[in-house]
Number of protein chains: 2
Amino acid sequence: MNSFQRRLVIATQRDRHAALRKRLINAAERTIAANGLAGLRARDLAGEAACAVGTIYNVFEHLDELILCVGLRTLAMLDTALGAVRLARPYGSMEDAAEDLVRLALAYLEFAAKHTVRWRALFEHRMSEARPLPQWFVDQQHALFAQVERPLVTLLPELEGDARRTLARTLFSAVHGIVALGLEEKLVSLPLPDLRSQLAATVRAITTGRDQLRSIDSADRQLDVPRC
Amino acid sequence: MNSFQRRLVIATQRDRHAALRKRLINAAERTIAANGLAGLRARDLAGEAACAVGTIYNVFEHLDELILCVGLRTLAMLDTALGAVRLARPYGSMEDAAEDLVRLALAYLEFAAKHTVRWRALFEHRMSEARPLPQWFVDQQHALFAQVERPLVTLLPELEGDARRTLARTLFSAVHGIVALGLEEKLVSLPLPDLRSQLAATVRAITTGRDQLRSIDSADRQLDVPRC
């Protein structure tokens with residue numbers, strides 16, 4: 001085999017590898033979107049992607065990596081959905097920025113209500129054996145929080161980088177909690193229109209009381225309530 | 001057998017039945033507190049409670065009922081923990097009521113941080129086959145939301161029963177979201193002192209901006225953002 005032939009063989013292997021990865025991600029995505037993580041079996045995925053079960057581990061380090069690849073697609077879909085409702089023009093006022101936060105929150109609710117199963121899988125999945133999250137996944141999470149950061153630049157201009165990033169994550173988490181328990185049939189269940197108005201009102205209350213978010217790292221860091 | 005003997009037999013059966021239920025709930029509680037729902041196997045529980053696997057279904061309708069019995073204990077522990085940090089005296093001011101909400105939120109965080117595994121199990125569990133939740137479990141949830149309702153009576157006195165109950169659930173959900181994603185290693189992770197100050201500041205922002213929570217059922221019920 002000359003060097004040209006050798007390069008051709010390597011290129012073909014790489015293509016096959018990439019094609020198999022894609023087929024497996026597609027298969028896992030269909031399963032997760034339909035039945036969540038509980039329905040995921042390596043054997044079924046191998047069957048759908050027309051490969052041997054063991055071959056999965058030639059193209060993915062572990063099943064967690066495959067699940068994260070699907071999670072990455074869900075995060076990207078969410079990022080697109082949130083980007084689509086953002087005010088396109090620059091904020092002319094505080095109200096614009098506050099209203100942008102409300103629109104983001106409502107868009108998050110719509111996304112979760114429409115893609116409930118795959119959205120829930122994103123939060124249910126935990127890495128086995130305390131593996132760290134890969135950087136490409138962390139980066140996609142940050143893109144999401146960055147959407148929340150933009151209105152905060154206007155609402156709380158004196159908050160610098162890290163403090164603003166942390167606050168964006170906190171506000172995302174508060175909205176997530178209202179959406180997650182609101183859509184959950186078990187603990188709290190609300191009709192969608194009620195959930196929308198509750199969510200919008202809570203976000204408006206937070207932006208109205210935003211002065212409380214300026215000096216965020218004071219006495220509350222210590223525990224001053226009796227331990228339970 | 002005379003009627004006295006018959007009553008004695010029935011009473012003994014009832015005692016045994018109750019004792020076995022208790023042993024099984026204790027066994028399930030130990031497992032859930034240590035390893036969460038994933039570690040729960042009917043066979044192991046039967047072994048711990050010294051009964052046959054099939055006997056579990058003589059004293060519980062289904063495994064869901066057993067899991068809910070453990071969940072009831074978790075909810076009751078949480079109720080006690082929240083009750084312990086409430087201001088004992090009546091609120092002398094709006095600030096008192098607002099600060100009570102902050103204390104409740106911080107106590108919720110401490111509870112979740114201390115009892116993470118069993119607290120998480122409470123939210124992860126879903127009823128099989130879309131069974132409805134039993135009323136005794138729903139009642140214990142309501143007791144929890146009632147803790148949040150008390151300060152709301154002072155903060156938003158014009159809100160009547162149903163609207164106040166719904167708002168209490170929403171605020172609980174927002175706090176839950178901040179706590180759940182904050183303690184989650186995967187999506188968002190914050191050191192506990194930072195998490196405390198973020199949580200307290202967010203609750204203060206909500207109480208400061210509480211005027212937004214008065215007229216909660218207006219235009220937001222309709223969807224005015226583009227569907228994703």
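Notes on the structure follow. (Residues numbered from 1 in each chain as written. Chains lettered and ligands numbered in written order. Predicted model: local features only at pLDDT ≥ 70, side-chain atom pairs only at ≥ 80, totals over all residues. Heavy atoms only, no water.)

1. Side note on the overall build of chain A
Alright, step 1. When its secondary structure is counted, chain A shows nine helices and zero strands.
Alright, step 2. Going from N to C terminus, chain A has its helices and strands arranged as α-α-α-α-α-α-α-α-α.
Alright, step 3. In terms of overall dimensions, chain A is more spread out than a globule: its C-alpha atoms have a radius of gyration of 22 Å, far above the 17 Å expected for 228 residues.
Alright, step 4. Each principal axis of the C-alpha distribution contributes one length, and for chain A these read about 70 × 45 × 40 Å.
Alright, step 5. Residue pairs in contact within chain A that sit at least 24 positions apart in sequence constitute 69% of those at least 6 positions apart.
Alright, step 6. Accessible surface computed for chain A: about 10700 Å², of which carbon and sulfur atoms make up 53%. (Helix = DSSP H or I, 4+ residues; strand = E, 2+ residues; numbered from the N terminus. Rg over C-alpha atoms; globule rule 2.2 N^0.38 Å. Contact = heavy atoms within 4.5 Å. Areas by Shrake-Rupley, 256 points an atom, 1.4 Å probe, with all protein chains shown as cover.)

2. Notes on the state of the cysteines
Each disulfide consists of a covalent bond between the sulfur atoms of two cysteine residues.
Alright, step 1. For the structure shown, the criterion picks out zero disulfides over all chains.
Alright, step 2. The thiol sulfur of C51(A) is not disulfide-bonded, and the nearest other cysteine sulfur, from C69(A), lies at 14 Å. (Disulfide = S-S within 2.5 Å.)

3. Here we look at unusual backbone geometry
Among all residues except glycine, the phi angle is most often negative; among peptide bonds, the trans geometry is most common.
Alright, step 1. In this model, A50(A) sits at a positive phi of 55°, which is unusual for a non-glycine residue.
Alright, step 2. Along the chain, A50(A) turns up in the loop between α2 (42-48) and α3 (56-59).

4. Notes on the pattern of salt bridges
Residue and element names in this part refer to chain A.
Alright, step 1. Under the criterion given, the structure shown has 32 salt bridges over all chains.
Alright, step 2. Residue R131 pairs with D64 through a salt bridge whose shortest N-O separation is 2.7 Å. Taken together, the residues R131 in the loop between α6 (116-124) and α7 (135-155) and D64 in helix α4 (residues 63-85) connect sequence positions 67 residues apart.
Alright, step 3. In this structure R131 comes out as partly exposed when scored by relative accessible area, which is 24%.
Alright, step 4. Between E149 and R164 there is a salt bridge whose closest N-O contact spans 3.2 Å. Residue E149 is located in helix α7, and its partner R164 is located in helix α8 (residues 161-183); the two are separated by 15 residues in the primary sequence. Across this residue pair, the class does not change: E149 and R164 are buried. (Salt bridge = Lys/Arg side-chain N within 4 Å of Asp/Glu carboxyl O. Buried < 20%, exposed > 50% of the residue type's maximum accessible area, 1.4 Å probe, protein only.)

5. Focus: the nonpolar core
Alright, step 1. Counting 108 residues, the largest nonpolar core has Y108(A), W119(A), V179(A), Y108(B), W119(B) and V179(B) as its most contacted members.
Alright, step 2. What W119(B) contacts, discounting residues up to four positions off in sequence, is T74(B), Y108(B), F111(B), A112(B), H176(B), V179(B), A180(B) and L183(B). (Core = buried A, V, L, I, M, F, W, Y, C linked by side-chain atoms within 4.5 Å.)

6. Brief notes about the packing of aromatic side chains
Alright, step 1. In the structure shown here, the tally under the stated rule is ten aromatic pairs over all chains.
Alright, step 2. Ring centres 5.4 Å apart and planes at 80° place the aromatic pair F145(A) and F172(A) in the edge-to-face group. In this pair, F145(A) is assigned in helix α7 and F172(A) in helix α8, connecting sequence segments 27 residues apart. We note that F145(A), like F172(A), is buried.
Alright, step 3. Measuring from centroid to centroid gives 6.2 Å for Y108(B) and W119(B), while their planes differ by 75°, and the two rings are edge-to-face. (Phe/Tyr/Trp six-rings, centres within 6.5 Å; stacked < 30°, edge-to-face > 60°.)

7. Digging into helix α1 (residues 3-35) of chain B
Residue and element names in this part refer to chain B.
Alright, step 1. Helix length check: α1, at 33 residues, gives a terminal C-alpha distance of 48 Å against a target of 48 Å (1.5 Å per residue), a fit within 8%.
Alright, step 2. Those residues of α1 that sit buried are L20, L24, I25, A27, A28, E29, T31 and I32.
Alright, step 3. Those residues of α1 hidden inside the fold are in contact with α2 (42-49), α3 (56-59), α4 (63-85) and α6 (116-124).
Alright, step 4. Where α1 starts, the residue carrying a side-chain oxygen 3.1 Å from the main-chain nitrogen of F4 turns out to be N2. (Expected span 1.5 Å × (residues − 1). Polar contact = N/O pair within 3.5 Å; in protein donor to acceptor, adjacent residues only side chain to side chain.)

8. Brief notes about the packing of helix α8 (residues 161-183) of chain B against helix α9 (residues 192-208) of chain B
Packed helices, taken two at a time, are described by the angle between their axes plus the distance between the axes.
All names here are of chain B.
Alright, step 1. As a packed pair, α8 and α9 sit with axes 11 Å apart at the nearest point and diverge in direction by 160°. With respect to α9, the element α8 is oriented roughly antiparallel. Regarding α8 and α9, the two cross each other, and that crossing is right-handed. For the pair formed by α8 and α9, the contact residues are L171, V175, I178, V179, G182 and L183 on the first element and L192, L195, L199, T202, V203 and I206 on the second.
Alright, step 2. Residues belonging to the contact of α8 with α9 are distributed by class as follows: ten nonpolar, two polar and no charged. (Axes fitted to C-alpha atoms, helices over the stretch in contact; angles between N-to-C directions. Parallel < 35°, antiparallel > 145°, perpendicular 65-115°, else oblique. Left-handed = near helix turned anticlockwise from the far one by under 90°. Nonpolar A, V, L, I, M, F, W, Y, C, P; charged D, E, K, R; others polar.)

9. Quick notes on the layout of surface pockets
Alright, step 1. Quantified by volume, the largest pocket comes out at close to 660 Å³.
Alright, step 2. Residue lining of the largest pocket: 20 residues in total, with L37(A), E124(A), R126(A), A38(B) and E124(B) positioned closest to the centre.
Alright, step 3. Looking at the lining of the largest pocket, the elements with two or more residues in it are α6 of chain A together with α6 of chain B.
Alright, step 4. Top element by residues in the lining of the largest pocket is α6(B). It accounts for five residues.
Alright, step 5. For the lining of the largest pocket, the per-class residue count stands at seven nonpolar, seven polar and six charged. (1 Å grid on protein atoms, 1.4 Å probe; cavity = no way out; pocket = protein on both sides within 12 Å on 5 of 7 lines; lining within 4 Å. Points joined across faces, edges and corners; volume = space filled by probe spheres on them.)

Interpretation note: all reported values are geometric properties and have no functional meaning in isolation.
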